[in-house]
Amino acid sequence: MARLVTGVTDDQLTAPTPCPAYSVADLVDHIGGLAFAFTASARKGDVPGEGGTGDGSRLEDGWRERIAAQLAELAEAWRDPAAYDGMTKAGPIQMPAEVAALVALDEVVVHGWDLARSTGQGFEADEVAATACLGFAESFEASSSDEGGPFGPPVPVPADADVLDRLIGATGRDPGWTP
């Protein structure tokens, strides 16, 4: 993900993403915020202020390096076995730490795909990570009344599609999406 963030060029910031409400800049701001929030989650800390709201106009000079460093800190925080113990918060939501870890992984994998697709960069997800995320995404029962849970309505993909494509479809995205 850090490679993807640092690979975003200034002329790509206004480009669309598979997240209809987000431009590339908005998605990058969201990625920085989720890295910060889920690092605090791993360390059982609170997240002060408002960050990662998906508002690309908030990107400051040096955002590439800042977000890449935040992503490295996120990975390091979850390497600590104590990060998975007990309860923690993801923003204002309290949850078991092991669930927060899965949410963070899903955010990184799915938004990594989003950013790669939006900017023409390559992306390969670890199959074990993608499989864990797919199980998480499929755990939400979609109905016509709730717009498909937290991800939007699932996009049908062939049952024999690779795990990343199935994950992308389960999170309401078309695996064939292009800008």
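Here, every reference points to the structure presented above.
None of these values were measured; they are calculated from a predicted model.

A.B. asks: I would appreciate a short explanation of the packing of aromatic side chains in the present structure.
C.D. replies: Remark: the centre distance and the inter-plane angle together describe each pair of aromatic rings, the angle taken between the planes. One pass over the full model with this rule turns up 1 aromatic pair. Centre to centre, the rings of Trp78 and Tyr84 are 5.2 Å apart; their planes meet at 65 degrees, and the pair counts as edge-to-face. Taking the relative accessible area as the measure of exposure, Trp78 reaches 10% and is therefore buried. For Tyr84, a relative accessible area of 36% puts it in the partly exposed group.

A.B. asks: Help me out: how do you make sense of the environment of Cys133 in this one?
C.D. replies: Mapped onto the secondary structure, Cys133 falls in helix 5 (residues 127–138). Placed 30 residues apart in sequence, Cys133 and Val163 show a C-alpha to C-alpha distance of 9.5 Å. Dropping the residues within four chain positions of it, Cys133 is found in contact with Leu102, Leu105, Asp106, Val109 and Leu167.

A.B. asks: Sorry if this is basic, but what is going on with unusual backbone geometry here?
C.D. replies: The phi angle of most residues is negative, glycine excepted, and most peptide bonds adopt the trans form. At Lys44, a position not held by glycine, the phi torsion is positive, near 60 degrees. Counting through the fold element by element, Lys44 comes out in the loop between helix 2 (24–42) and helix 3 (63–79).

A.B. asks: Please explain the layout of surface pockets as it appears in this structure.
C.D. replies: Over the atoms, a rolled probe matching the size of one water molecule traces out where space is still vacant. The space that makes up the second largest pocket amounts to roughly 300 Å³. In terms of lining residues, the second largest pocket is bounded by Met1, Ala2, Leu71, Leu74, Ala75, Trp78, Tyr84, Ala101, Ala104, Leu105 and Val108. Breaking the lining of the second largest pocket down by element, the ones donating at least two residues are helix 3 and helix 4 (97–119). Residue composition of the lining of the second largest pocket, by class: 11 nonpolar, no polar and no charged.

A.B. asks: Is there a simple way to explain the pattern of salt bridges in this structure?
C.D. replies: Pairing between side chains becomes possible if they bear opposite charge and their charged atoms approach one another. All told, the structure shown has 7 salt bridges when counted by the stated rule. The partner of Arg64 in a salt bridge is Asp10, and the shortest N-O contact between them spans 2.7 Å. Pair noted here: Arg64 is in helix 3 and Asp10 is in the loop between helix 1 (2–6) and helix 2, with a separation of 54 residues, a long-range link.

A.B. asks: Would you explain the nonpolar core in this entry?
C.D. replies: Side chains that are nonpolar tend, in soluble globular proteins, to be buried together. Residues Val28, Ile31, Phe38, Trp63, Ile67, Trp78 and Leu115 are the most contacted members of the largest nonpolar core, which totals 31 residues. When contributions to this core are tallied by element, the ones reaching two or more residues are helix 1, helix 2, helix 3 and helix 4. Looking at this core, the element that brings in the most residues is helix 2, giving 9 residues. If near-sequence neighbours (up to four positions away) are discounted, Trp63 is found in contact with Val5, Val8, Leu13 and Val28. The next biggest cluster of nonpolar side chains, apart from the first, holds 14 residues, and it includes Ala129, Ala130, Leu134 and Val163.

Cut-off values and rules
Residues numbered from 1 in each chain as written. Predicted model: local features only at pLDDT ≥ 70, side-chain atom pairs only at ≥ 80, totals over all residues. Heavy atoms only, no water. Phe/Tyr/Trp six-rings, centres within 6.5 Å; stacked < 30°, edge-to-face > 60°. Buried < 20%, exposed > 50% of the residue type's maximum accessible area, 1.4 Å probe, protein only. Helix = DSSP H or I, 4+ residues; strand = E, 2+ residues; numbered from the N terminus. Contact = heavy atoms within 4.5 Å. 1 Å grid on protein atoms, 1.4 Å probe; cavity = no way out; pocket = protein on both sides within 12 Å on 5 of 7 lines; lining within 4 Å. Points joined across faces, edges and corners; volume = space filled by probe spheres on them. Nonpolar A, V, L, I, M, F, W, Y, C, P; charged D, E, K, R; others polar. Salt bridge = Lys/Arg side-chain N within 4 Å of Asp/Glu carboxyl O. Core = buried A, V, L, I, M, F, W, Y, C linked by side-chain atoms within 4.5 Å.

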